[in-house]
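Geometric and topological summary
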Amino acid sequence: MARINENFLKLKAGYLFPEIARRVNAFSDAEPEKAIRLIRCGIGDVTEPLPPAARSAMKEAVDELGERESFRGYGPEQGYEFLRQAVAENAYAGLGVDADEIFVSDGSKCDTGNILDIFGGGQKIAITDPVYPVYVDTNVMAGNTGEGDDSGQFAGLVYLPCTAENDFTPALPEEKVDLIYLCYPNNPTGTVATAEQLEKWVDYARGNDAVILYDAAYEAYVQDAGLPRSIYEIRGARECAIEFRSFSKNGGFTGTRCAFIVIPKELTGSTAGGERVALHGLWARRHSTKFNGVSYPVQRAAEALFSVEGKTQIRNLVEHYMGNAALLKEACERCGLAVYGGEHSPYVWVRCPEGVDSWGMFDKMLQEAQVVVTPGAGFGAAGEGYFRISAFNSRENVEEVCARIAEVFG
Ligand SMILES: *Cc1c(COP(=O)(O)O)cnc(C)c1O
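Before going further, it helps to examine the domain arrangement of the protein chain. Parsing the protein chain into structural domains produces domain 1 (12-48 + 309-409) and domain 2 (54-307). One C-alpha centre belongs to domain 1, the other to domain 2, and the line joining them spans 26 Å. Residue-level contacts link 31 residues of domain 1 with 41 residues of domain 2. Here domain 1 meets domain 2 over a buried area of about 2,800 Å², counting both sides, of which 61% is carbon and sulfur. Put simply, domain 1 and domain 2 have one salt bridge between them. With its nearest N and O atoms 3.1 Å apart, the salt bridge here joins Glu165 to Arg351. If you list the elements that add at least two residues to the side of domain 1 that touches domain 2, you get α10 (308-334), β11 (339-341), β12 (347-351) and β15 (386-390). In terms of residue count, the dominant contributor to the side of domain 1 that touches domain 2 is α10 (eight residues). Counted by class, the side of domain 1 that touches domain 2 contains 16 nonpolar, eight polar and seven charged residues.

Moving on: the layout of surface pockets. Roughly 600 Å³ of volume is contained in the largest pocket. Lining the largest pocket we find 26 residues, and of these Gly44, Lys109, Tyr132, Val134 and Lys249 sit closest to its centre. At the level of elements, α5 (108-114) and α6 (133-141) are the ones that each hand at least two residues to the lining of the largest pocket. In terms of residue count, the dominant contributor to the lining of the largest pocket is α6 (four residues). Tallied by class, residues from the lining of the largest pocket come to twelve nonpolar, seven polar and seven charged. The residues that make up the lining of the largest pocket include at least three from each of domain 1 (12-48 + 309-409) and domain 2 (54-307).

Let us look at the environment of Val158. By the secondary structure assignment, Val158 is in strand β4 (residues 157-161). Exposure remark for Val158: the relative accessible area of 9% places this residue in the buried category. With 17 residues separating them along the chain, Val158 and Glu175 place their C-alpha atoms 8.7 Å apart. When near neighbours in sequence (up to four residues on either side) are disregarded, Val158 contacts Lys124, Ile125, Ala126, Ile127, Pro173, Glu175 and Val177.

Here we come to the pattern of salt bridges. Taken as a whole and assessed by the stated rule, the structure comprises 24 salt bridges. Measuring nitrogen to oxygen at the nearest pair gives 3.0 Å for the salt bridge that ties Asp117 to Lys290. Residue Asp117 is located in the loop between α5 and β3 (125-129), and its partner Lys290 is located in helix α8 (residues 279-290); the two are separated by 173 residues in the primary sequence. Judged by its relative accessible area of 55%, Lys290 is exposed. It is possible to trace a salt-bridge network through shared partners that takes in Glu19, Arg22, Arg23 and Asp363.

Quick look at the side chain of Ser358 now. Looking at the element boundaries, Ser358 is found in helix α11 (residues 358-369). Those residues in contact with Ser358 that sit more than four places away from it in its chain are Cys352, Pro375, Gly376, Ala377, Gly383, Glu384, Gly385 and Tyr386.

Once that is clear, we can look at unusual backbone geometry. Cis geometry marks the peptide bond from Asp129 to Pro130, where omega comes out at 5°. In this structure, Pro130 sits in the loop between β3 and α6. Between Tyr184 and Pro185 the backbone carries a cis peptide bond, its omega angle lying at -15°. Position of Pro185 among the secondary structure elements: in the loop between β5 (179-183) and α7 (195-208). With a phi angle near 60°, Asp167 is a residue other than glycine that sits in the positive phi range. Relative to the elements of secondary structure, Asp167 occurs in the loop between β4 and β5. Of the residues examined, Asp167 reaches a relative accessible area of 58% and is grouped as exposed. For Phe168, which is not glycine, the phi torsion reads 60° and is therefore positive.

Thresholds applied
Residues numbered from 1 in each chain as written. Predicted model: local features only at pLDDT ≥ 70, side-chain atom pairs only at ≥ 80, totals over all residues. Heavy atoms only, no water. Domains from an automatic or database assignment. Contact = heavy atoms within 4.5 Å. Buried area = accessible area lost by both parts, 1.4 Å probe. Salt bridge = Lys/Arg side-chain N within 4 Å of Asp/Glu carboxyl O. Helix = DSSP H or I, 4+ residues; strand = E, 2+ residues; numbered from the N terminus. Nonpolar A, V, L, I, M, F, W, Y, C, P; charged D, E, K, R; others polar. 1 Å grid on protein atoms, 1.4 Å probe; cavity = no way out; pocket = protein on both sides within 12 Å on 5 of 7 lines; lining within 4 Å. Points joined across faces, edges and corners; volume = space filled by probe spheres on them. Buried < 20%, exposed > 50% of the residue type's maximum accessible area, 1.4 Å probe, protein only.

So this is what it looks like as structure tokens:
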């Protein structure tokens, strides 16, 4: 008898995005003439084309593969040296991250899920709420939680609420935890952490022998040079933090697929017997056993994002999306809605008007404005009472969305 991993059965069947799709489809069937107007500001996927620097590097690499002399087969599992070097020199200039501490992968979604392979069971795991659903669901699959309740919270996880009441700054856990997921700039709330706030987390982690899993997928959206883009800007973070980064949201690589993870050499975890073991070695073993590297043309494309032209093209993409975010934020504020985020991230996090819950707002935006947003409750219990508008769109669509928001709420 082939037994299944019964942890999967704990996951809610009606996961956020399928439920959104179901409601959008039902609306389209019921009101086909209105459905023509639909604008999607839901899923966090980029819309603008791939930067030219990445495209030409990729084409060149494909041509290299077409010649016997320059053909390449399997590459190093950890990523080509040229890309790891470019990351160390550009993304971590002055932060002391070595190319050998960088592992190239096909995405941060996979990395943030797969990282659990190198940690044991039975630990206390802290997760901010609302949150990128991958962190929660992969812990459920790994058996690190009990059953879920109606609000989507799973027994055994330590939830750290982030709401307007605490200025979206999670309090340090009251109990001792072993793993902490942080994401800044944050998806879904669009908020950022200051260096002082991250220092508190690094101090906590070092004091409690915990590891911070720091998701910096949106670092390119930080507009203020005084705000940290990497956890390694904080003293002591090399001893307690793993950082995840992706080319998805800066270089528009959501379909091209390339990301990386940083595991400092001095970062250790503990065996049950108290022996210290370097996490770098464990991840190197895991990565080279279960992964065979990102394709050569894609790694060349990622490398090209660090060229002078590539950096300019990324800046232009980020500026485009941040211009959208500013318009959306302003449109909501003009209608008297309380708006958060959108200043250092492509997400605008909006408080629902009195008496409407987040799925209620989703339905209202769909029915009355034909705009698809994401209900906050889908990101966790503390997301109830909010909805997320993504700035990943064309300017034309965003301007139209702003006009419709004014019509519905103005
Ligand atoms: C989009 C996103 C990522 C990037 O995922 P990829 O798999 O690299 O495309 C990672 N973390 C968060 C929170 C995201 O929103």
